[in-house]
Amino acid sequence: MEETNKIAALSNNIKKLSLVLFSGDFDKAIAAFTLASGAAAVGYEVNLFFTFWGLNIVKEKKGRRFLGKGILTKIFGFLMGGFKNLPLSKMNFGGFSKTAMNYLMKKENVATLPELIDAAIALKANFYACEMSMIILGLKKEDFIAPIKEVLSVASFLDYSKNGQTLFI
Amino acid sequence: MEETNKIAALSNNIKKLSLVLFSGDFDKAIAAFTLASGAAAVGYEVNLFFTFWGLNIVKEKKGRRFLGKGILTKIFGFLMGGFKNLPLSKMNFGGFSKTAMNYLMKKENVATLPELIDAAIALKANFYACEMSMIILGLKKEDFIAPIKEVLSVASFLDYSKNGQTLFI
Amino acid sequence: MEETNKIAALSNNIKKLSLVLFSGDFDKAIAAFTLASGAAAVGYEVNLFFTFWGLNIVKEKKGRRFLGKGILTKIFGFLMGGFKNLPLSKMNFGGFSKTAMNYLMKKENVATLPELIDAAIALKANFYACEMSMIILGLKKEDFIAPIKEVLSVASFLDYSKNGQTLFI
């Protein structure tokens, strides 16, 4: 029992939060970056792994300049849009809009998404992008609004996130 | 190797399941409370952290009495509705309804959502509510159908859920 | 500090990834099996727990032969469809279709879903099915395209997945 407490005490030193950001929904992005910046603020190592629609959260909107080669990649890139065009995960709540949610957050003095992303960057959260998704979408490291530390595979991410808490969002 | 086994044996003593309940979907709520009550039944410490739409699962439906101040907060509160109005995550499956799913669960003698929530409460699962979401939505501790142990921030939740399994639902 | 490093080194030996597959969305299924096969490829123990709509990913499409008893079970079974009928989680991206995504993956030489499932099976990932969901849907072990190692409850899954990384997808 004493030894258990010792182990518990020791493992308490491991403060690590890793998020797989699969979804590109606006509300989930807010939840993810609230978790990320909150954890980083209290000394956690934070690893963010952007994949699929989640790349959208940190992808710069390129206006009419399409990325990648091939018509489908271009269409996909266009549909994804970039971080200014994130949809809400709940469209069916009678048209309650992203604008309204943003307004409400501003009014109640809660950090907005760009502020939360900036906080996570300032607090040294690690941003990683999924290699496979980037190949499919024809994206490059320069196409992101946040500093991408590394473009990596699943295996590397699992290795980096080991022994901490890992969430799929 | 022997030491590894010792560590493994010791860490086996840590039985903790923590759920971040972000989604307010009916089917996901059933999955979450099946996990929660199942884990609590076999001696797990269970921590439930309700945030965003997930607050809906344990929020009392207030009829026409709107909560909070400000028109947008009222609209948001109205749209969220409460635990009797949870939508299904899959609306596109040809209109298969919540009523049908409830009927099916009753018929097969599987616990329904209110029964699962009651079980989780009876088995001493800890209910936590996200401070930020409550501020945005103008909710108070008394507005919930389940006993909220604490209104807390991300940092506290990560601390409580450390060294266990944490899922984002 | 030295002891902490020892613990960290020891716990590094535990390589375990467990996925709760709740969603039956095509894109989430690809993400899940990319994680599963990638982890298995580098020596992780991989546990896949199929529940609710996630059963769809490994359920054989039965054409017009309906499973289970009772009309609602039959309707539910019909709506679920099977692994050839998985929807995309984002329907609102201007009709970007599953066919297009499949084409893009083929073109960029990225593994398709059936290939990823085959890889996970070949690399000895463990497939588990949720007992409760199977009862509701009237499914049997033989109804799946992948080898189901065990039909189990929440408690058993939590036990198998302990001390690793567990994601809810």
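Just so it is clear, the model here is predicted, and its values are computed rather than measured.

(A) Examining the overall build of chain A more closely. Within chain A one finds eight helices and five strands. For chain A, the sequential pattern of α-helices and β-strands runs α-β-α-β-α-α-α-α-β-α-β-α-β.

(B) Highlighting the packing of helix H2 (residues 26-41) of chain B against helix H8 (residues 154-161) of chain C. Two elements in contact, H2(B) and H8(C), have axes separated by 8 Å at closest approach and are oriented at 80°. Looking at the two axes, H2(B) sits roughly perpendicular to H8(C). For the pair H2(B) and H8(C), contact is made by B:Thr34, B:Leu35, B:Gly38, B:Ala39 and B:Ala41 and by C:Val154, C:Ala155 and C:Leu158, respectively. Here the residues of the contact of H2(B) with H8(C) are counted per class, giving six nonpolar, two polar and no charged.

(C) Quick look at the sheet that holds strand S2 (residues 45-50) of chain B. Residue and element names in this part refer to chain B. Taken in spatial order, the five strands line up as S4-S3-S2-S1-S5 in an open sheet, and their pairing is parallel. Among the strands making up the open sheet, the edge pair consists of strand S4 (150-152) and strand S5 (165-168). Neighbour-to-neighbour, the strand axes of the sheet open up by a mean angle of 20°, direction not taken into account. Here strand S1 (residues 16-21) runs beside S5; their pairing, made up of four bridges, is parallel. Bridging from a neighbouring strand, Leu-19 pairs with Leu-167 of S5. Seen against the sheet, helix H8 (residues 154-161) touches S1, S2, strand S3 (126-130), S4 and S5 and runs at an angle of roughly 160° to S2.

(D) Fine view of unusual backbone geometry. In this structure, B:Phe52 takes a positive phi of about 45° despite not being glycine. Using a count of 24 C-beta atoms within 10 Å as the deciding quantity, one classes B:Phe52 as buried. Of note in the backbone geometry, C:Asn163 takes a positive phi value of approximately 70° without being a glycine. Among the secondary structure elements, C:Asn163 is positioned in the loop between H8 and strand S5 (165-168).

(E) Region of interest: the nonpolar core. In terms of nonpolar packing, the biggest core is built from 144 residues, with A:Leu19, A:Ala36, B:Leu19, B:Ala36, C:Leu19 and C:Ala36 touching the most fellow members. Not counting residues up to four positions away in its chain, the partners in contact with A:Leu19 are A:Ala32, A:Leu35, A:Ala36, A:Leu48, A:Phe49, A:Leu167 and A:Ile169.

(F) Summary view of the pairing of strand S3 (residues 126-130) of chain C. Residues and elements named next belong to chain C. Burial runs high along S3: four of the five residues are buried. Bridging between strand S2 (residues 45-50) and S3 involves four bridges; their strand directions are parallel. Bridge assignment links Leu-48 to a residue of S3, and that residue is Phe-127. Here three bridges tie S3 to strand S4 (residues 150-152), and the two strands are oriented parallel to one another. Pairing of Cys-130 across the sheet is with Leu-152, part of S4. The β-α-β motif built from S3, the intervening helix H7 (residues 131-137) and the parallel element S4 has right-handed crossover chirality.

(G) Structural context of helix H6 (residues 113-122) of chain C. Residues and elements named next belong to chain C. Taken residue by residue, H6 has Leu-113, Leu-116, Ile-117 and Ala-120 as its buried positions. In a view along the axis of H6, the buried residues occupy a sector of 100°, so they form one face of it. Seen from the buried face of H6, the exposed residues on the opposite side, beyond 90 degrees, are Pro-114 and Ala-122. Buried residues along H6 sit in contact with helix H2 (26-41) and S2. At the exit of H6 stands Lys-124, carrying a positive phi of roughly 70°.

(H) Up close: the pairing of strand S2 (residues 45-50) of chain A. Residues and elements named next belong to chain A. With respect to burial, S2 is a largely interior element, five of its six residues being buried. Relative to S2, strand S1 (residues 16-21) runs parallel, the two sharing six bridges. Paired with Leu-17 across the two strands is Val-46, which belongs to S2.

(I) Structural context of the sheet that holds S5(C). Residues and elements named next belong to chain C. In space, the five strands of this open sheet follow the order S4-S3-S2-S1-S5, with parallel pairing throughout. Edge positions in the open sheet fall to S4 and S5, since each of these has one partner strand only. The average undirected angle you get between the axes of adjacent strands in this sheet is 20°. H8 contacts strand S1 (16-21), S2, S3, S4 and S5 of the sheet and is inclined by roughly 160° relative to S2.

(J) Representation of the confidence of the model for chain A. All names here are of chain A. The predicted model of chain A has a mean per-residue pLDDT of 80, with 70% of residues at 70 or higher. Within the model, the stretch residues 63-67 combines pLDDT values under 50 with eight contacts to residues more than four positions away or in other chains. When the criterion is pLDDT under 50, residues 91-95 qualifies, and its contacts beyond four places in sequence or with other chains add up to five contacts. Interface predicted TM-score (ipTM) for the complex: 0.80; the corresponding pTM is 0.83.

(K) Main features of the packing of H2(B) against helix H6 (residues 113-122) of chain B. Residues and elements named next belong to chain B. Put simply, H2 and H6 touch, their axes get as near as 9 Å, and they point 35° apart. Handedness of the H2/H6 crossing: left-handed. Contact with H2, carried on its side by Ala-29, Ile-30, Phe-33, Thr-34, Ala-36, Ser-37 and Ala-40, involves Leu-113, Leu-116, Ile-117, Ala-119 and Ala-120 of H6 and no other residues of that element. Tallied by class, residues from the contact of H2 with H6 come to ten nonpolar, two polar and no charged.

(L) Examining the environment of C:Ser23 more closely. All names here are of chain C. Mapped onto the elements of the fold, Ser-23 is located in the loop between S1 and H2. Each C-alpha atom, one on Ser-23 and one on Asp-143, is 18 Å from the other, the two residues being 120 residues apart in sequence. In contact with Ser-23, other than residues within four places in its own chain, are Lys-28, Trp-53, Gly-54 and Ile-169.

(M) A look at the environment of B:Phe127. Residues and elements named next belong to chain B. Relative to the helices and strands, Phe-127 is located in strand S3. Take Phe-127: there are 22 C-beta atoms within 10 Å of it, and that puts it in the buried class. When the C-alpha positions of Phe-127 and Ile-148 are compared, they lie 5.0 Å apart, and in sequence the two are 21 residues distant. In this view, Phe-127 contacts Leu-48, Val-58, Ala-146, Pro-147, Ile-148 and Lys-149; residues no more than four positions away in its chain are not counted.

(N) Local environment of the environment of C:Ala32. Residue and element names in this part refer to chain C. In this fold, Ala-32 is placed in helix H2. What makes Ala-32 buried here is the crowd of 27 C-beta atoms within 10 Å. Considering only alpha carbons, one finds Ala-32 and Leu-21, eleven residues apart in sequence, at a separation of 7.7 Å. Aside from chain neighbours lying at most four places away, what touches Ala-32 is Leu-19, Leu-21 and Ile-169.

Thresholds, definitions, all that
- Residues numbered from 1 in each chain as written.
- Chains lettered and ligands numbered in written order.
- Predicted model: local features only at pLDDT ≥ 70, side-chain atom pairs only at ≥ 80, totals over all residues.
- Helix = DSSP H or I, 4+ residues; strand = E, 2+ residues; numbered from the N terminus.
- Axes fitted to C-alpha atoms, helices over the stretch in contact; angles between N-to-C directions.
- Parallel < 35°, antiparallel > 145°, perpendicular 65-115°, else oblique.
- Contact = placed C-beta atoms within 7 Å.
- Nonpolar A, V, L, I, M, F, W, Y, C, P; charged D, E, K, R; others polar.
- Pairing = 2+ DSSP bridges.
- Buried ≥ 20, exposed ≤ 12 C-beta atoms within 10 Å, placed from the backbone.
- Core = buried A, V, L, I, M, F, W, Y, C linked by C-beta atoms within 7 Å.
- Right-handed = clockwise from strand over helix to strand, strands pointing away.
- Arc of directions from axis to C-beta.
- pLDDT = per-residue confidence, 0-100.
- Left-handed = near helix turned anticlockwise from the far one by under 90°.

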